[in-house]
Amino acid sequence: MSGPARGRRKRVNALRALLPCLALIAFDNSSAHAQTITSDLFRPVRDGFVSPQDSRLRRTGETTSDSADDARRRDGEKPAPSRIGNIPSYGLPAASGASTSGFDSLNRKRTQPKFYPGQARPKAPGPGSPARAISAGRARLSVPPSETANKAPIPPAMAGTVVGQPARKRLKIDDDPFGAVGDYAGSFLIKGAVELRGGYDTNPGRTFVPKGSSFYVVAPEFLAVSNWERHALVADLRGSFAGYGNTFPPAGDGTISSAPTNLDRPDFTGHIDGRLDVTRDTRLLGQLRLLVATDNPGSPNIQAGLAKYPIFSTLGGTFGIDQTLNRLQLSAGGTIDRTVYTNSELTDGTSTTNDDRNFNQYGGVGRISYDLLPGVKPFAEIQGDSRIHDVQFDRSGFQRDSSGGYAKAGTSFEFSRLLTGEISAGYALRDYVDPRLSQLNGLLTSASLTWTATPLTTAKFYSDTLIGETTLPGVSGVLTRVYTFEVDHDFRRWLTAIGRFTYGTLDYQGDDRHDKIYTLSGDLIYKLNRDLWVKGTLRRDVMDSNILGSSSASTVVLLGVRLQN
């Protein structure tokens, strides 16, 4: 069919579908609503007429404010009240942040800390002292950086995790992690060591014309310290032996050398100190000492034509009492010493006696000190003695018996452990029985200072004055002053460098002779562990004398190991 008839057929079909719909609307008693046009009606996507919240293709969490409000209305929820004009409330009670310590605005009673059995109780603070923080739980030590490291498991008792176990005290940091530990024998701590070193000396005899030789040094050490509640006993013994590979026979032209043929020399210094605590303020003091040595190479006291150095030994002791009266401390003691020389062996096979050099010394010493300030303790000391020789006249016909002493004043101090030590100055003199020997006198200086510049660098200064005997004709004695500067630096705890400079003067009173000594040395110590060190030394010794042919110079190189326990 075509034409107007075909158009009428389409209109008739549309009316047939519309009439039933109108009938259904007529029977419905609800009011008609107009359709709201939204942007969802024109969405150019599939299911564009479906609400976004109902779409199965929607993104998670995609909702609109309108749809959320509609959902709340359907569920019967009421909108949240407005906070405009109302006091905000956060739901936290007053003073909830005070916990069991600190300020509580409600003035509530604080919870008392609970302690496990055996746990140390903190002391109550006194007037004027700051209040200590008390933890309600167990006190915990500071956490080291290595606590989280992967370590082997240890027992709970050692780890300190047992309930009720008192807190373990952290060990003190070891100031010398490569030092000797020692062994305990009863109540004594014993430490021992021995050094084995070898090297070369360009002038071991300290002669004007140098002649070198290789040599070795064996140096043992022993230290024993008591660990008693009262009283004390300390034994410190140190010795060495230097052996030379070469000998120095006399020249074929008949000249006599000032150095012996054999230069081997022993050396020993030891003392045993004791203290007996009678009461809290009264103590009895005692010391036994022993010195074994030879004359220093290059000394004018050495005889010409010797086969080897004569050895002398000095054995003595000091016994006294120490009394404390509040800040005042008084000390007094008596001294006795005996010096003996061996015979001198000559290159021609004969020997000569040294009895004229043997003598006894008797004396006394007194000291008074006062604790002026914390760490500052000034003192004054006086000493007197008499020397009596075995032979009235020496080999040159002089009477060497004498009496003398010294008086000095100074202070010991300790400033925050950075600068510690003792320094003093005084005057020394000695009169001789022989009127041909003039009085020996001079300024006396003594010091022992330690300055800790940094935890790795330490500077030290030593000074001492000695009055020695001599055999030179017409010379009263030798006034020796020695000053030493030393700097120790740890590049690592196991690598230490030591630099040392020594300056000294030897004044032979009664003669025009005057000597000066200079020593510059450097040590390098490599500490493998607590028991084994490797040591190297380079030293330069110079003696400058105003007597022709008496000056000398030497360079010493040493390398060895130190075994200790």
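Residues numbered from 1 in each chain as written. Predicted model: local features only at pLDDT ≥ 70, side-chain atom pairs only at ≥ 80, totals over all residues. Heavy atoms only, no water.

Things to note about the overall build of the protein
Now for step 1: When helices and strands are counted, the protein shows 3 helices and 21 strands.
Now for step 2: The buried share of the protein, reckoned over its 565 residues, is 28%.
Now for step 3: A separation threshold of at least 6 residues defines the contact pool for the protein, and within that pool the share at least 24 residues apart is 55%.
Now for step 4: Accessible surface computed for the protein: about 36,900 Å², of which carbon and sulfur atoms make up 60%. (Helix = DSSP H or I, 4+ residues; strand = E, 2+ residues; numbered from the N terminus. Buried < 20%, exposed > 50% of the residue type's maximum accessible area, 1.4 Å probe, protein only. Contact = heavy atoms within 4.5 Å. Areas by Shrake-Rupley, 256 points an atom, 1.4 Å probe, with all protein chains shown as cover.)

Details of the nonpolar core
Now for step 1: Core analysis: the biggest nonpolar cluster contains 13 residues, and Phe215, Tyr244 and Leu263 have the highest contact counts within it.
Now for step 2: Of all the elements in the fold, those that place two or more residues in this core are β3 (213-226), β4 (232-244) and β21 (552-564).
Now for step 3: Ignoring any residue separated from it by four or fewer positions in sequence, one finds Leu263 in contact with Pro204, Gly205, Ala242, Tyr244, Phe248 and Tyr309. (Core = buried A, V, L, I, M, F, W, Y, C linked by side-chain atoms within 4.5 Å.)

Here's the deal with the pattern of salt bridges
Now for step 1: Enumeration according to the criterion identifies 28 salt bridges in this entry.
Now for step 2: Notably, a salt bridge pairs Arg562 with Glu221, separated by 3.1 Å at the nearest N-O pair. Remark: Glu221 occurs in strand β3 and Arg562 occurs in strand β21; sequence separation between them is 341 residues.
Now for step 3: Overall, Glu221 belongs to the partly exposed group, its relative accessible area being 23%.
Now for step 4: The residue Arg436 makes a salt bridge to Asp434 at a minimum N-O spacing of 2.8 Å. (Salt bridge = Lys/Arg side-chain N within 4 Å of Asp/Glu carboxyl O.)

Overview of the pairing of strand β16 (residues 457-468)
Now for step 1: As paired strands, strand β15 (residues 440-454) and β16 are joined by 7 bridges and run antiparallel to one another. Across the sheet, residue Thr452 finds its bridge partner in β16, namely Thr458.
Now for step 2: What sits between β15 and β16 in their antiparallel hairpin is a turn of 2 residues.
Now for step 3: Strand direction decides the pairing type here: β16 and strand β17 (residues 477-492), joined by 12 bridges, are antiparallel. Bridge pairing in β17 links Leu466 to Thr480. (Pairing = 2+ DSSP bridges.)

What about empty space enclosed by the protein?
Now for step 1: Within this structure, the stated rule accounts for 1 cavity of 30 Å³ or more.
Now for step 2: Empty space within the largest cavity amounts to approximately 30 Å³.
Now for step 3: In this structure, the largest cavity is lined by Asp295, Asn301, Ile302, Gln303, Leu306, Pro310, Ser344 and Arg357.
Now for step 4: Residue composition of the lining of the largest cavity, grouped by class: 3 nonpolar, 3 polar and 2 charged. (1 Å grid on protein atoms, 1.4 Å probe; cavity = no way out; pocket = protein on both sides within 12 Å on 5 of 7 lines; lining within 4 Å. Points joined across faces, edges and corners; volume = space filled by probe spheres on them. Nonpolar A, V, L, I, M, F, W, Y, C, P; charged D, E, K, R; others polar.)

Quick look at the packing of aromatic side chains
Now for step 1: Overall, the coordinates contain 8 aromatic pairs when judged by the stated rule.
Now for step 2: Aromatic pair Phe461 and Phe485: ring centres 4.9 Å apart, planes at 40°, arrangement tilted. Of this pair, Phe461 sits in strand β16 while Phe485 sits in strand β17, placing them 24 residues apart in sequence.
Now for step 3: The class for Phe485 is partly exposed, based on a relative accessible area of 43%.
Now for step 4: Above the face of the Phe379 ring, Arg367 is positioned so that its terminal group lies 3.7 Å from the ring centre. (Phe/Tyr/Trp six-rings, centres within 6.5 Å; stacked < 30°, edge-to-face > 60°. Lys NZ or Arg CZ within 6 Å of the ring centre and 35° of its normal.)

Section: the environment of Leu479
Now for step 1: Inspection of the secondary structure assignment puts Leu479 in strand β17.
Now for step 2: Relative accessible area serves as the criterion here: at 2%, Leu479 is assigned to the buried category.
Now for step 3: Separated by 36 residues in sequence, Leu479 and Leu443 have C-alpha atoms that sit 9.4 Å apart.
Now for step 4: Those residues within four positions of Leu479 in sequence are excluded, and the remaining contacts are Leu440, Asn441, Gly442, Thr465, Leu466, Ile467, Thr505, Leu506, Asp507 and Gln509.

Thoughts on the confidence of the model for the protein
Now for step 1: With 76% of its residues at a pLDDT of 70 or more, the protein has an overall mean of 83.
Now for step 2: Scored below 50 in pLDDT, residues 30-37 shows 3 contacts in the model against residues more than four places distant or in partner chains.
Now for step 3: pLDDT under 50 marks residues 60-66. Its contacts with residues more than four places away, or in other chains, come to 0 contacts. (pLDDT = per-residue confidence, 0-100.)

Examining the pairing of strand β7 (residues 311-325)
Two faces, one strand: in a regular strand the side chains alternate between the faces of the sheet.
Now for step 1: Direction of pairing for strand β6 (residues 282-294) relative to β7: antiparallel, over a ladder of 13 bridges. Bridge pairing in β7 links Leu290 to Leu315.
Now for step 2: Relative to strand β8 (residues 328-341), β7 runs antiparallel, the two being bridged by 14 bridges. From the neighbouring strand, Ser313 faces β8, where its bridge partner is Val340.
Now for step 3: Taking the residues that link successive antiparallel strands as the turn, the β7-β8 hairpin has 2 residues, and the phi of Asn326 there is positive, at about 55°.

Notes on a nonpolar patch on the surface
Now for step 1: Residues Trp228, Leu233, Ile272, Leu288, Phe319, Ile336, Tyr362 and Ile388 make up a contiguous nonpolar surface patch of roughly 720 Å² in combined accessible area.
Now for step 2: Among the secondary structure elements, Ile336 is positioned in strand β8. (Patch = residues over 30% accessible without salt bridge, like charges linked within 9 Å, V, L, I, M, F, W, Y side chains within 5 Å.)

What about the environment of Phe491?
Now for step 1: Among the structural elements, Phe491 can be located in strand β17.
Now for step 2: Overall, the relative accessible area of 44% leaves Phe491 in the partly exposed class.
Now for step 3: In sequence terms Phe491 and Leu456 are 35 residues apart; their C-alpha atoms lie 7.5 Å from each other.

What to know about the side chain of Thr339
Now for step 1: If you trace the backbone, Thr339 turns up in strand β8.
Now for step 2: Ignoring anything within four residues of it in the chain, the contact list for Thr339 reads Phe312, Ser313, Thr314, Asn358 and Phe359.

Things to note about the environment of Gly421
Now for step 1: Summarising the element assignment, Gly421 is placed in strand β14 (residues 419-432).
Now for step 2: Linking Gly421 and Thr411, residues 10 residues apart in sequence, is a C-alpha distance of 8.6 Å.
Now for step 3: Each residue touching Gly421, except ones within four places of it in the same chain, is listed here: Thr411, Ser412, Phe413, Ser448 and Leu449.

Side note on unusual backbone geometry
One can expect most non-glycine residues to show negative phi and most peptide bonds to be in trans.
Now for step 1: Its identity as a non-glycine residue notwithstanding, Arg206 has a phi of 55°, on the positive side.
Now for step 2: Note on placement: Arg206 falls in the loop between β2 (188-201) and β3.

Some words on the side chain of Thr458
Now for step 1: Of note, Thr458 is situated in strand β16.
Now for step 2: With relative accessibility at 18%, the residue Thr458 sits in the buried group.
Now for step 3: Leaving out residues up to four positions away in the same chain, Thr458 has contacts with Thr450, Trp451, Glu486, Val487 and Asp488.

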